[in-house]
Amino acid sequence: MNKASKIYIAGHRGMVGSAVWRALTKKGYSNLVGRTSKELDLKNQQQVIDFFEKEKPEVVIDAAAKVGGILANNDFPYQFLMENMQIQNNLIDSSLKAGIEKFIFLGSSCIYPKFAPQPLKEEYLLTDPLEPTNEWYAIAKITGVKSCQAIRNQFNKDYVSLMPTNLYGYFDNFDLKSSHVLPAMLRKFHEAKLNDNASVNLWGSGTPMREFLFVDDMAEAVVYALENKLPEYLYNIGTGKDITIKELAETIQEVVGHKGLINWDSTKPDGTPRKLMDVSKMKELGWQYSTELEDGIEKTYKWFLKNIDSIKEVKLEAN
Ligand SMILES: NC(=O)c1ccc[n+]([C@@H]2O[C@H](COP(=O)([O-])OP(=O)(O)OC[C@H]3O[C@@H](n4cnc5c(N)ncnc54)[C@H](OP(=O)(O)O)[C@@H]3O)[C@@H](O)[C@H]2O)c1
Ligand SMILES: C[C@@H]1O[C@H](OP(=O)(O)OP(=O)(O)OC[C@H]2O[C@@H](n3cnc4c(=O)[nH]c(N)nc43)[C@H](O)[C@@H]2O)[C@@H](O)[C@H](O)[C@@H]1O
């Protein structure tokens, strides 16, 4: 990939998009383009068409989406289905019509069936029903994967889909209603520590297992996909290792230094019991993760402490 190529990163201010922006800038890519959702609403087809005509990007990285944790997905099924389809349809179709040769689509490990064998191989897609708490988001993501696969097959263009496992890191969403589990736990344990080590309420049973990847490693996988023509249409991105939610809570409690009790709220959903990725395809090609979970949590907590005031303005709401 030419370092002067014009690369449009959709969602460049989000957790993943901003990490990709940092990684590409560090590698010397000098012609990156980004727009906030206020400047360019990707749900609006005409705005997207006009943007492509004016900016003429050569490569598109789609890190824009309506994203949230288990409760947000469960409570707002229509928005998670429709907004994600609108955003990705507009980006993919405009890219095809603008003659863009390379498009990187980001999905999620929740596209795989709820009770698929573990670890999840790419070929398990569409072999059994989805997890109900996030089937709406998953169906939108599956249509994105299939659109890119269709373009690959029919037009012979390098449109590829990467399926990240649960991600965390700098610029994550720390809002307790809409966030994923890891940033929620960091914030909850931090605030409880400041509050005389008050007890912390966590959701579900603590028994589900999850795999976590540090966002800078995710960005490296995107850079890999940008710089190499991947031979297949779909690749899992993760560590290949998972832990229980209870073990995650104990790790974060230790990093934060909280000494109080943990209560498990069984009225909240557990979600899928396990979604461990088989990451052998990317490993065979030459990409693998580098940040161990505890190191990543420590880095994220340091970042959280440094940025807590600005995070509060932008993303946090009262509990
Ligand atoms: N977080 C995870 O655990 C995780 C796991 C697996 C896969 N992924 C995937 O990774 C990608 C990025 O996720 P993330 O965690 O970085 O999410 P994020 O931090 O919420 O960022 C999403 C970005 O999308 C942009 N966006 C949303 N709606 C838009 C619209 N209508 N028009 C224009 N831009 C819009 C937002 O722009 P503004 O900031 O300008 O509003 C934001 O920068 C998504 O495809 C997601 O499905 C994430
Ligand atoms: C990566 C994303 O993962 C999402 O699934 P999923 O891992 O269950 O989403 P999370 O919200 O990260 O929740 C993972 C697990 O952590 C538990 N958990 C415990 N305490 C908390 C808490 O305070 N906040 C949150 N959020 N969870 C908590 C939650 O019940 C669930 O079993 C999908 O809904 C999306 O579609 C997407 O795929």
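Since the model is a prediction, treat every value here as computed from it, not as a measurement.

1. A word on the site of ligand 1
Taken together, 27 residues sit near ligand 1, with Met15, Val16, Ser37, Tyr137 and Lys141 positioned nearest. Interatomic distance of 2.4 Å between a side-chain N/O atom of Tyr137 and an oxygen atom of ligand 1. Note that an oxygen atom of ligand 1 is positioned 2.8 Å from one of the side-chain N or O atoms of Lys141. For ligand 1, the protein covers 87% of the area, taking 900 Å² as the surface of the free molecule. Among the residues forming the shell around ligand 1, the class breakdown is 13 nonpolar, nine polar and five charged.

2. Digging into helix 7 (residues 215-227)
Side chains that are three or four residues apart share a direction in an α-helix, a result of its 3.6 residues per turn. In this model, helix 7 (13 residues) spans 18 Å end to end at C-alpha, consistent with the 18 Å of a helix rising 1.5 Å per residue. Burial analysis of helix 7 places ten of its 13 residues in the buried class, the great majority of the element. For helix 7, the set of buried residues is Val215, Asp217, Met218, Ala219, Ala221, Val222, Val223, Tyr224, Ala225 and Leu226.

3. Observations concerning the UniProt feature "active site" (unreviewed entry) in the protein
Mapped onto this numbering, the UniProt entry gives "active site" (unreviewed entry) at Tyr137. Tracing the chain through its elements places Tyr137 in helix 5 (residues 135-155). Setting aside anything within four residues of it in sequence, one finds Tyr137 in contact with Lys66, Val67, Asn73, Phe80, Asn84, Ser108 and Cys110.

4. Looking at the sheet that holds strand 2 (residues 32-33)
The strand order across the open sheet built from six strands is 2-1-3-4-5-10, with neighbouring strands paired in parallel fashion. Taken across any chain shown, the strands that pair with only one partner, and hence form the sheet edges, are strand 2 and strand 10 (234-237). Here strand 5 (residues 158-164) runs beside strand 10; their pairing, made up of four bridges, is parallel. Bridge pairing in strand 10 places Pro164 opposite Ile237. Against the sheet, helix 1 (residues 15-26) engages strand 1 (7-10), strand 2, strand 3 (59-62) and strand 4 (102-106), with an angle of about 155° to strand 1. Sheet contacts for helix 4 (residues 77-97): strand 1, strand 3, strand 4 and strand 5; angle to strand 4, the most-contacted strand, approximately 170°.

Thresholds, definitions, all that
- Residues numbered from 1 in each chain as written.
- Chains lettered and ligands numbered in written order.
- Predicted model: local features only at pLDDT ≥ 70, side-chain atom pairs only at ≥ 80, totals over all residues.
- Heavy atoms only, no water.
- Near = heavy atom within 4 Å.
- Polar contact = N/O pair within 3.5 Å; in protein donor to acceptor, adjacent residues only side chain to side chain.
- Areas by Shrake-Rupley, 256 points an atom, 1.4 Å probe, with all protein chains shown as cover.
- Nonpolar A, V, L, I, M, F, W, Y, C, P; charged D, E, K, R; others polar.
- Helix = DSSP H or I, 4+ residues; strand = E, 2+ residues; numbered from the N terminus.
- Expected span 1.5 Å × (residues − 1).
- Buried < 20%, exposed > 50% of the residue type's maximum accessible area, 1.4 Å probe, protein only.
- UniProt positions renumbered as here; feature names shortened; annotations may be inferred.
- Contact = heavy atoms within 4.5 Å.
- Pairing = 2+ DSSP bridges.
- Axes fitted to C-alpha atoms, helices over the stretch in contact; angles between N-to-C directions.

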